[in-house]
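Fold and geometry: a report
Each chain, written out:
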Amino acid sequence: MTKVINKVVEDLISEFTEVRKLTDDLFKTLSIEDAVIQSDPFGSPPNWHIAHVTWFFHKILLKYGQKLNLEKINLDYLNSYYQKFEKILPKNDRGRFPRPTVSESLQYRKYLDKKVLLFLEKIDEGSNSLTKEIQYDLQLANQHEMQHQELMIYDFQNYFERFPDSNDNYCPFKINDNFDKQAQNKKHPKEMVKIPGGIFDIGFYGDGFSYDNELPEHKVYLYPYEIDSTPVSNGDFIKFIEEDGYERYEYWLADGWDVVQEFKWNSPLYWFKIDDVWMKKDFFGTLAINPYEPVINVSYYEADAYARWAKKRLPTEAEWEKAASWNEDLERKTRYPWGNEIRPTQEHANLLESFLWKPALCGSYEKGKSFYGCYQMIGDVWEWTSSEYSLYPGFKSRFSEYTDKWAINQKVLRGGSFATPRRQIRNSYRNYFKPHERIQFSGFRCAK
Ligand SMILES: [Fe+2]
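These lines cover the structure that appears in this document, whether it is placed above or below. Treat the numbers as computed from the prediction; the structure is a model and nothing was measured.

Burial of the side chains of strand E11 (residues 411-414) extends over both faces: Lys411 and Leu413 are buried on one face and Val412 and Arg414 on the other. Two elements, strand E10 (residues 382-388) and E11, share three bridges in a ladder whose sense is antiparallel. Across the sheet, Glu383 pairs through a bridge with Arg414, a residue of E11. Examined bridge by bridge, E11 and strand E12 (residues 431-433) share three bridges and lie antiparallel to one another. Pairing of Lys411 across the sheet is with Phe433, part of E12.

Turning our eyes to something else, we now look at the sheet that holds E10. One open sheet accounts for four strands, arranged E12-E11-E10-E13; its pairing is mixed. Single-partner strands in this sheet number two, and they are E12 and strand E13 (442-443).

Moving on, we come to the nonpolar core. Of all hydrophobic cores here, the largest spans 88 residues; its most connected members are Ala303, Tyr306, Leu314, Ala323, Cys374 and Phe441. Counting residues per element, this core draws most heavily on helix H5 (residues 132-160), at nine residues. When near neighbours in sequence (up to four residues on either side) are disregarded, Leu314 contacts Ala303, Asp304, Ala307, Trp384, Thr385, Ser386, Phe444, Cys446 and Ala447.

With 18 residues, helix H3 (residues 46-63) should reach 26 Å at 1.5 Å per residue; the first-to-last C-alpha distance of 26 Å fits that figure. Judged by how many residues are buried, H3 sits mostly within the fold: 14 of 18 residues are covered. Just downstream of H3, Gly65 is the residue with a positive phi angle, here 75°.

Moving on: the packing of helix H1 (residues 7-27) against H5. Axis separation between H1 and H5 bottoms out at 10 Å; the angle between their running directions is 20°. As judged from the angle between their axes, H1 and H5 are roughly parallel. For the element pair H1 and H5, the recorded crossing hand is left-handed. Packed against H1, whose contacting residues are Val8, Leu12, Glu15, Phe16, Val19, Leu22, Thr23 and Leu26, the element H5 presents Gln135, Leu138, Asn142, Glu145, Met146, Gln149 and Met152 at the interface. Classifying every residue of the contact of H1 with H5 by side-chain character gives nine nonpolar, four polar and two charged.

Here Asn169 shows up in the loop between H5 and strand E1 (192-195). In the structure, Asn169 is positioned 139 residues away from Leu30 in sequence and 9.8 Å away in space, judged by C-alpha atoms. Residue contacts for Asn169: discarding those within four places in its chain leaves Phe160, Phe283 and Gly285.

Conventions we followed
- Residues numbered from 1 in each chain as written.
- Predicted model: local features only at pLDDT ≥ 70, side-chain atom pairs only at ≥ 80, totals over all residues.
- Buried ≥ 20, exposed ≤ 12 C-beta atoms within 10 Å, placed from the backbone.
- Helix = DSSP H or I, 4+ residues; strand = E, 2+ residues; numbered from the N terminus.
- Pairing = 2+ DSSP bridges.
- Core = buried A, V, L, I, M, F, W, Y, C linked by C-beta atoms within 7 Å.
- Contact = placed C-beta atoms within 7 Å.
- Expected span 1.5 Å × (residues − 1).
- Axes fitted to C-alpha atoms, helices over the stretch in contact; angles between N-to-C directions.
- Parallel < 35°, antiparallel > 145°, perpendicular 65-115°, else oblique.
- Left-handed = near helix turned anticlockwise from the far one by under 90°.
- Nonpolar A, V, L, I, M, F, W, Y, C, P; charged D, E, K, R; others polar.

This is the structure we're talking about:
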């Protein structure tokens, strides 16, 4: 008799296996010395990331009564911020307590891998039933690990940048050799596209996973607006710098100006000048800034100041989402700018699995553009919006302390970056950071 495999469980198993392997692949090229350093209070040691995401699965299994035998692992080190799970090691201290050790973390991962798969197989055999809650929690744990894959890549950039030797760098397990043959546009379109106003339904609609903060879908009113067809390029941002953008208070919000003064910002994070050429060390070594790539590692304050200098503004998240998702011909929203059904591929967007390890040129990915003609809304760089991160009217938490506690003093970013896993992103996805933060791969496009 052929066993009928529960499709939902099968998808959970394959996503889990894929996600866990990718984390291992990202981690495996690090030396132990590099794996335990916390390069910045904003970030975390890679070893902490790989153990913490495992702890998250651990907590889910405990919630559903699974027995785990793990005497050597002190779980208190691995709780990021969940008050409901009691003891928390302050974030600043993660680098001071390299526990579990790297080898213990790797063993912990293997042990939990077996336990999660066993739990899912038992469900598949019918001895447990797959409730909506179990399904959501396990999907959430997969998505959580994907988020940490991206955070880990921010940390790699931030950590290896400090070594002046260009070759002393993070070594990706895989780089796409076809980089130059990718769907890169050499024409560099720069126009703005016009988008009609009216009522727009913001938020997630359809099947599949979404975070609770993308819900409920609800109506907002938009006035007609224009939005850049591509993210702002390094070349354009350099013009802002050269016109003394960082020195003129008139462009800056008061809080942003204070940060610029205090930390003496004069360019995006990681930039420095050699012989009048802006340079940066990225995953390919120390190279001149490419004027045709999207600007990246800028704070909200810098994005907002640039927009004011350019006599534009940042879009609201509703404006961004409509530009990405509304299809006038179909009279409905789509999950991705290019449509509903096709998951991101290397022809549509530059995401982690493209393994380019940097943003593609502005105006790339013709196949990925939105109905209104906006390029790269998914992938390449996260885009700051002017919207405060707040919970949508009627919000219901599906996992307390995950998305709900952070809805204060943060700005929404949309669209994902070259380090965002492809299963993570869609038009309705809401990321959020504090306005001064810029270790994340954030850029922006303007509106007016
Ligand atoms: Fe986390």
